[in-house]
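As a plain string of letters, each chain reads:
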Amino acid sequence: MQTLYRRLLNVLPRLGVQVLDLGSGTSVLSRRGKRNRVTVGREADLVTRGSSRYAVTRVRPDTWVVARGRGDPAPTWTNVRLGDTGAHLLYDAKASDERSLQLAAAAYLCGHHVAGLLEKYEVNCVFDVGANAGQYGRRLRGLGYTGRIVSFEPTEEAFAKLEKAAADDPEWWVFPFALGREEATQSMHVGWATMNSLLPASDYGKDRYRRFAKDRTEEIEIRRLDSVMDKALAGLTDPRPYLKMDTQGYDLEVFAGAGERIAEFVGLQSEVAALRLYEGSPEMSEAIAAYEKSGFGITGMYPVTREDTTGRVVEFDCVMMRGDAAPK
């Protein structure tokens, strides 16, 4: 014999009310749009509107991730436990290209590695050389760094974007010039988006990137790093600077421009090339040897770009710190 509750559920659809019976005296009623039930584990359900597909992936005994699918069928999510950290990597195994997944993971790990080092070494000023439109500065802020950022970008178009990015951040200073070994005015190759360089593209670079086929130049100012440090560090009672360089083959020239004052930096980050995109840029081993000679040791190497066909890494983000600069 049906209960009054059950009879009522049977009558409601005739009155234009949609009923989703979840059992055990629980139902979802709606006047518009059909509701569907997605099971999440043994003791939980997700009620959805319409026929949207959802993928449910178990992460822990009592934890599930529910994500809306972008097609039919819903994605097949793969859950990877990251050691004993308590963290998990969730990705769509069908849609994930190995190369893009690896590079995205490397960028994520590099950012968090740098953020952790900045905190550990009590860095209070990051020199962002080759800032472009401010991507690195925004990333640092997103990762929780609150200290001073001093960004250098010489090209007119990119500097305008950088200036806008830093406009509401009083601890983010920007300067419209490049850094190098000698103070000078020089022509810079522009129109290559994030790959503008003071160096011409190599044959390998031209073969790899179509953007190098179109070349125009812009006159830019170059200063030495040691000549701007006092201004950049002004007001800091105990300066602990970190040097980030991403200058498309010119990092070692920036480094040389610090002179003896490079000893004041507790760490650095440089984009080093395993396969050279620019004529006259140093080999990776040459750049790393110069950094190591000045007292920096590698804490991380992260692939930035790789060849599609061979899988070879083109460039790495190399993160280095002074061991003796770590707070006791």
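Note that the structure is a prediction, hence the values are computed from the model and not measured. (Residues numbered from 1 in each chain as written. Predicted model: local features only at pLDDT ≥ 70, side-chain atom pairs only at ≥ 80, totals over all residues. Heavy atoms only, no water.)

K.L.:
Residue-level account of the overall build of the protein chain, with values.
P.N.:
Across its full length, the protein chain carries eight helices and 18 strands. Looking at the protein chain as a whole, 41% of its 328 residues are labelled buried. Sequence-distant contacts in the protein chain: of pairs separated by 6 or more residues, those separated by 24 or more amount to 57%. Here the protein chain has roughly 18,500 Å² of accessible surface; of this, 49% comes from carbon and sulfur atoms. (Helix = DSSP H or I, 4+ residues; strand = E, 2+ residues; numbered from the N terminus. Buried < 20%, exposed > 50% of the residue type's maximum accessible area, 1.4 Å probe, protein only. Contact = heavy atoms within 4.5 Å. Areas by Shrake-Rupley, 256 points an atom, 1.4 Å probe, with all protein chains shown as cover.)

K.L.:
Please provide a residue-by-residue account of the sheet that holds strand β11 (residues 172–175), values included.
P.N.:
Taken together, seven strands build an open sheet; the order of strands is β11-β10-β9-β15-β16-β18-β17 and the sheet is mixed. Two strands close off the open sheet at either side, each with one partner strand: β11 and β17 (297–306). Shown here is a sheet whose adjacent strand axes are inclined to one another by a mean of 15 degrees, direction ignored. Here strand β9 (residues 125–129) pairs with strand β15 (residues 241–245) via five bridges, running parallel. The partner of cysteine 125 across the bridge, within β15, is proline 241. Packed onto the sheet, helix α6 (residues 225–233) meets β9, β10 (148–152), β11 and β15 and runs at close to 140 degrees relative to β9. (Pairing = 2+ DSSP bridges. Axes fitted to C-alpha atoms, helices over the stretch in contact; angles between N-to-C directions.)

K.L.:
Explain the nonpolar core residue by residue, including any values.
P.N.:
Counting 49 residues, the largest nonpolar core has Phe127, Phe152, Leu225, Leu243 and Tyr291 as the members making the most contacts within it. One finds Leu118, Phe159, Trp172 and Ala326 within the second-largest nonpolar core, a separate group that totals 24 residues. (Core = buried A, V, L, I, M, F, W, Y, C linked by side-chain atoms within 4.5 Å.)

K.L.:
Tell me about helix α4 (residues 156–166), residues and numbers included.
P.N.:
Those residues of α4 that sit buried are Ala158, Phe159, Leu162 and Ala166. Within α4, the buried residues cover an arc of 100 degrees as seen down the axis, which keeps them to one side. The outward face of α4, more than 90 degrees from its buried face, is lined by the exposed residues Glu156, Glu157 and Lys164. Looking at the buried positions of α4, the neighbouring elements they touch are β10 and β11. (Arc of directions from axis to C-beta.)

K.L.:
Give a detailed account of the pairing of β10, specifying residues and quantitative values.
P.N.:
The side chains of a regular strand alternate, first on one face of the sheet and then on the other. Across the five residues of β10, five count as buried, placing the element largely inside the fold. Of the two faces of β10, the one lined by Arg148, Val150 and Phe152 and the one lined by Ile149 and Ser151 are each fully buried. Pairing of β9 with β10, which is carried by five bridges, proceeds in the parallel orientation. Within β10, the residue paired with aspartate 128 across the bridge is serine 151. On the question of chirality, the crossover connecting β9 to the parallel β10 by way of helix α3 (residues 135–142) is right-handed. Bridge analysis of β10 against β11 gives four bridges, and the strand direction is parallel. Its bridge partner lying in β11, isoleucine 149 is registered against tryptophan 172. Between the parallel pair β10 and β11, the chain is carried across by α4, and the sense of this crossover is right-handed. (Right-handed = clockwise from strand over helix to strand, strands pointing away.)

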